[in-house]
Amino acid sequence: MKESKTILITWWLGYIGSHTCTVFGEAGHDVIIVDNLSNSHSEVLENISEIIGKKPTFYNIDIKDISAFESIFRNHPEIDGIIHFAAKKAVWESCEDPFLYYENNIIWTNNLLKLMNKYDKRNIVFSSSATVYDAPKLLPPFSENDRLWTYNPYGTTKLVMEYMLKDLASFKWFNVVNLRYFNPIWAHNSGLIWENPKWVPGNLVPYVLKVAKWDIDQVQIYGDDYDTEDGTWVRDYIHVMDVAEAHLSAYDQLGKYNEYKKENNINESKWYFDVFNIWTWDWKSVKEIIELVQKVTEKEVPSKVVARRSWDIDTSIANPQKAKQVFGREYKRSIYQAIEDARRFVNNIEKNN
Ligand code: NAD
Ligand code: WQD
């Protein structure tokens, strides 16, 4: 049986964090959640507890409140490492207010990194994004060593954080895994947790689901005259539970490296740094996603083609090989499983309304 560890999770009540929490809980780890509920709901905690059968420790703290954050490190010397989801993620908002994104995603995160250094907690899994690839200049699929560039402030914050973590690995001996997720979608198969932002979602799938639930009138398709089969952009959509499980693989990878160091008496100052695409290879266009959601929900999803969005990137598909080799597994719940999970999610919403 694997050793149980205590893992500090920042912003774990959000979409990807809450799903990842169930995976770590079910693997027997103790999790400490930090979130300020700015884009999540407190009942998510109850639902996570129901799924994993125990209540995770929770702190309602804003990441910028450094002294409150420090008290967590002081009170929990048993913390083994950090899974860091903290970031504002709306591309349009980052274009309107880049400073908000620099502060939230870089400056406040730097405070967390300083605390990790101070309390000698050097294991971190970081949420990076497919957005760091220079999509307009690359031919998909994108591999981890492909050219990186950014086209909006949100993307810039992710790339800067990747570089900062590389420096901290080299000079402060952090052990780092950067996971570049492509487009996470759908929900936990219990129907108890899902992507439930407080604001109107900017991403395609939660938006289409809200239309299917009649919260919103229609989906706007941002351009159907692109150079693709049906004229709409294509994305590598990945089931959120596959993304969640990739965090466990990444964390295990850090654990294996630390054990290897101990067994071979390797100097403390040796570090681990790696980057992985988290992918499915199951890409879809905007129009295909809308059709799929209609099929899932058995509801009509009205749509209208409107002007292109200025910040949209080209087709984005991951090369899956590296994670497959190193983690020894594929991240590929089928799109049909995704349909079933989404159906459960929609039914659950209706039951509760
Ligand atoms: P989310 O918005 O659902 O979750 C973020 C959580 O952080 C929310 O629970 C919110 O209440 C909390 N939060 C926000 N500001 C806070 C603050 N100042 N202090 C404490 N808590 C705060 O986002 P998500 O989709 O789960 O994304 C998680 C990570 O994954 C982010 O780093 C994001 O950039 C990255 N990512 C997401 C996607 C995607 O499509 N969802 C793709 C690639 C990468
Ligand atoms: C997908 C496609 C839109 C909404 C964003 C971030 C990226 C990453 C994932 C975090 C595009 C079209 C969308 C709508 C539409 N996040 N669309 N109508 O653009 O791949 O990536 O989220 O790291 O950084 O940029 O995802 O879901 O916003 O859009 O037609 O109402 O759907 O034009 O072609 P995207 P998305």
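Residues numbered from 1 in each chain as written. Chains lettered and ligands numbered in written order. Predicted model: local features only at pLDDT ≥ 70, side-chain atom pairs only at ≥ 80, totals over all residues. Heavy atoms only, no water.

**A few points about the layout of surface pockets**
The calculated volume of the second largest pocket comes to roughly 600 Å³. Around the second largest pocket sit 20 residues that line it, and Asp80, Asn123, Asn175, Asn258 and Glu268 are the ones nearest its centre. Within the residue set of the lining of the second largest pocket, elements represented by two or more residues are strand E4 (79–84) and helix H8 (240–263). Here the lining of the second largest pocket is composed, by residue class, of five nonpolar, five polar and ten charged. (1 Å grid on protein atoms, 1.4 Å probe; cavity = no way out; pocket = protein on both sides within 12 Å on 5 of 7 lines; lining within 4 Å. Points joined across faces, edges and corners; volume = space filled by probe spheres on them. Helix = DSSP H or I, 4+ residues; strand = E, 2+ residues; numbered from the N terminus. Nonpolar A, V, L, I, M, F, W, Y, C, P; charged D, E, K, R; others polar.)

**Focus on the pairing of strand E5 (residues 123–129)**
Burial of E5 is extensive: seven of the seven residues sit out of reach of the surface. Alternating positions in E5 separate into two faces, Asn123, Val125, Ser127 and Ser129 on one and Ile124, Phe126 and Ser128 on the other, with burial throughout. Inspection of the sheet shows E4 paired to E5 by three bridges, in the parallel sense. Opposite Ile83, over in E5, you have Val125 as the bridge partner. (Buried < 20%, exposed > 50% of the residue type's maximum accessible area, 1.4 Å probe, protein only. Pairing = 2+ DSSP bridges.)

**A look at helix H9 (residues 286–297)**
Along an α-helix, residues three or four apart share an orientation, since each turn contains 3.6 residues. End to end, H9 covers 17 Å across twelve residues, agreeing with the expected 16 Å (1.5 Å per residue, within 8%). Three or more residues of H9 are buried, namely Val286, Ile289, Ile290, Leu292, Val293, Val296 and Thr297. Down the axis of H9, the smallest arc covering the buried residues is 160°, so these residues share one side. Away from its buried face, by an angle of more than 90 degrees, H9 presents the exposed residues Glu291 and Lys295. A positive backbone phi angle near 55° is found at Glu298, which sits one or two residues after H9. (Expected span 1.5 Å × (residues − 1). Arc of directions from axis to C-beta.)

By themselves, these figures tell us nothing about what the structure is for.
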